[in-house]
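The residues making up each chain are set out below.
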Amino acid sequence: MQRPVRFSSCRGVAFEIKPHADPFAIKISTVEERQGSKKFSWLGSSRVFPSSIQRSVSKASSHYCDLDLGEEDDEEEDYDEVEVILEEVDDEEKQKQSPLHVLAASKREQKPKLARKQESRLSVILLDQGLFTVYKRLFFVCLALNITGLVLGATGNFPYARNRAALFSIANIFVLTLCRSEAFLRVVFWLAVKVLGRRWVPLFVKTATTSLLQSLGGIHSGCGVSSIAWLVYAVVLTLKDRDNTSSEIIGVASAILALGLLWAFIILTISYDPNTKSYSKDVGKRLIKQQELWFTVAITVLIIIPWLTVRRVPVKVSAPSGHASMIKFVGGVKAGILGRISPSPFSEWHAFGIISDGKKEHMMLAGAVGDFTKSLVSNPPSHLWVRQVHFAGLPYLVNMYNRVLLVATGSGICVFLSFLLQPCSAEVCLVWVAKGIEQNFGKEIKEMVSGYPKEKVIVHDTAVLGRPNVSQLSVDAARTWGAEVVIVTSNPEGSRDVVNACKADGIPAFGPIWDS
């Protein structure tokens, strides 16, 4: 059988997409198959255990961190159908259960959908997420504004743009750098929560702000394309007037996207006098009066700030299973924050959600899906390189709402656990779907979830119960809990299904996008 295709997100979420007919369709087992088994529930969840827990006969979930226990399982799995054991609860026991518990345990049979072709991640991004997402709207707005200015400049209707084409290119680079600056975005997210995280602020304002902040990558991409267009225009204008331009300026302009060449371009451009065809000696006085210099200074500072905080720190790495590792650091961190780690400051950096009680330590849960994360299991390091400026992501915006439903699959739980461990301005309810919870994630993670009020938690172990309809489970839980918004962390396909189902039912929902 073809091995699963794995992806990795820049937010530290490992994605795994497997071929299957329907990620959430379930098959009800017969009454005879259920007779004679003693069952009990854990953590007020939809999990139901037989008296003798054996190896699951359910098929592997498509969720990104449902971890395979071996190649033999992969070869024997049939993705078209799964089994689920339903608990028979008498009326007296149902009254004792929490509403969410009864909700999860009494799911009606879902009709399996027709089998679909395996979808590539690119098709999910470009088609399944919709043609008019906030991300794409921001991209086209930025591109349209820049193209309009470019056309007006080229036709002589906007002389400032024609004379300062390089400035417009640099300004776009400045904006796209802001959209990727972890320090700047940390401040923006903090301000959003402080200003809008009040009960009297209308919900539509909060959800609109969440959509905007989550989709800043659209501005980043639009400004990136626009900066190239302006740069090409600037080079064309320069080449048309070669007599007044030195060869050094033309050479630097062709590679301005690199920061070093950008500085060289600015200095050479401003210091060169086309009238005398020579370079001015008073470079400093000329530079401080030019807008191009200050934009370039800002770009440089924003790029350098994260690197100034790079440190090599001691860590404690443990592996609850061969499929994941737990990395512990000194110092507490606020809920909703993410961090980056690396084996070397000049190699690749990996982002993960941070688990912390806000006191003495914080930790990261890393699924073993790549060379680096696998090495954490096989050869645990004593030190790792970190960026001490942690950054905010979608989970941080939970603090902006009053009642939130958090939906996670597999190791995606790590970005939400901090909201269970430390005081939070929002009331949160959790739905967690994972495979082999204690076996794959360890007792420590299980105890963290166990310490949260049982009536606010639904835990569904696919190794015992099979794959649920997470979309419907999320919609029903949100209705029962009265959540203002649903925030989900899953693979692209799973996140899309949950978000679309919630929105179709009139519930605001957000999940990771490909540019998160």
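Residues numbered from 1 in each chain as written. Predicted model: local features only at pLDDT ≥ 70, side-chain atom pairs only at ≥ 80, totals over all residues. Heavy atoms only, no water.

Caption draft 1: Quick peek at the overall build of the protein chain. The helix and strand tally for the protein chain stands at 21 helices and 19 strands. Counting the 516 residues in the protein chain, one finds 51% classified as buried. (Helix = DSSP H or I, 4+ residues; strand = E, 2+ residues; numbered from the N terminus. Buried < 20%, exposed > 50% of the residue type's maximum accessible area, 1.4 Å probe, protein only.)

Caption draft 2: Up close: the side chain of Arg387. By the secondary structure assignment, Arg387 is in strand S13 (residues 383-387). Arg387 has contacts with Glu182, Pro306, Trp307, Thr309, Val310, Arg340 and Trp349, leaving out every residue within four places of it along the chain. (Contact = heavy atoms within 4.5 Å.)

Caption draft 3: A look at the pairing of strand S17 (residues 457-461). Here S17 lies mainly inside the structure; 5 of its 5 residues are buried. Read from strand S16 (residues 427-434) through helix H18 (residues 437-450) to S17, the crossover connection turns out right-handed. (Right-handed = clockwise from strand over helix to strand, strands pointing away.)

Caption draft 4: Spotlight on the nonpolar core. The biggest cluster of nonpolar side chains holds 89 residues, and the ones touching the most others in it are Ile327, Ile341, Val404, Leu406, Val428 and Trp432. With residues up to four places along the chain from it excluded, the contact list for Ile341 reads Ile327, Phe329, Glu348, Trp349, His350, Phe352, Met364, Phe372, Leu384, Trp385 and Val386. In this structure, Cys429, Val433, Ile507 and Ala509 belong to the second largest nonpolar core, which totals 20 residues. (Core = buried A, V, L, I, M, F, W, Y, C linked by side-chain atoms within 4.5 Å.)

Caption draft 5: Summary view of helix H21 (residues 492-504). For H21, which comprises 13 residues, the first-to-last C-alpha distance of 18 Å matches the rise-based estimate of 18 Å (1.5 Å per residue) to within 8%. Pro492, Glu493, Gly494, Ser495, Arg496, Asp497, Val498, Val499 and Cys502 are the residues of H21 that are buried. (Expected span 1.5 Å × (residues − 1).)

Caption draft 6: Region of interest: the packing of aromatic side chains. This model, assessed by the stated rule, comprises 8 aromatic pairs. Plain terms: the ring middles of Phe139 and Phe140 are 5.2 Å apart, the flat faces sit at 80° to each other, and that makes the pair edge-to-face. Exposure remark for Phe140: the relative accessible area of 51% places this residue in the exposed category. Ring centres of Phe174 and Phe295 lie 5.2 Å apart, and the angle between their planes is 75°; on these two criteria the pair is classed as edge-to-face. Residue Phe174 is located in helix H8 (residues 165-178), and its partner Phe295 is located in helix H15 (residues 291-308); the two are separated by 121 residues in the primary sequence. When its relative accessible area of 25% is taken as the criterion, Phe295 is described as partly exposed. Aromatic rings pair up to connect Phe158, Tyr160, Phe168, Trp230 and Tyr233 into one cluster. Taking NZ or CZ as reference, Arg387 lies 4.8 Å from the ring centre of Trp349, over its face. Positioned over the ring face of Trp481 is Arg403, at 4.0 Å from the centre of the ring. (Phe/Tyr/Trp six-rings, centres within 6.5 Å; stacked < 30°, edge-to-face > 60°. Lys NZ or Arg CZ within 6 Å of the ring centre and 35° of its normal.)

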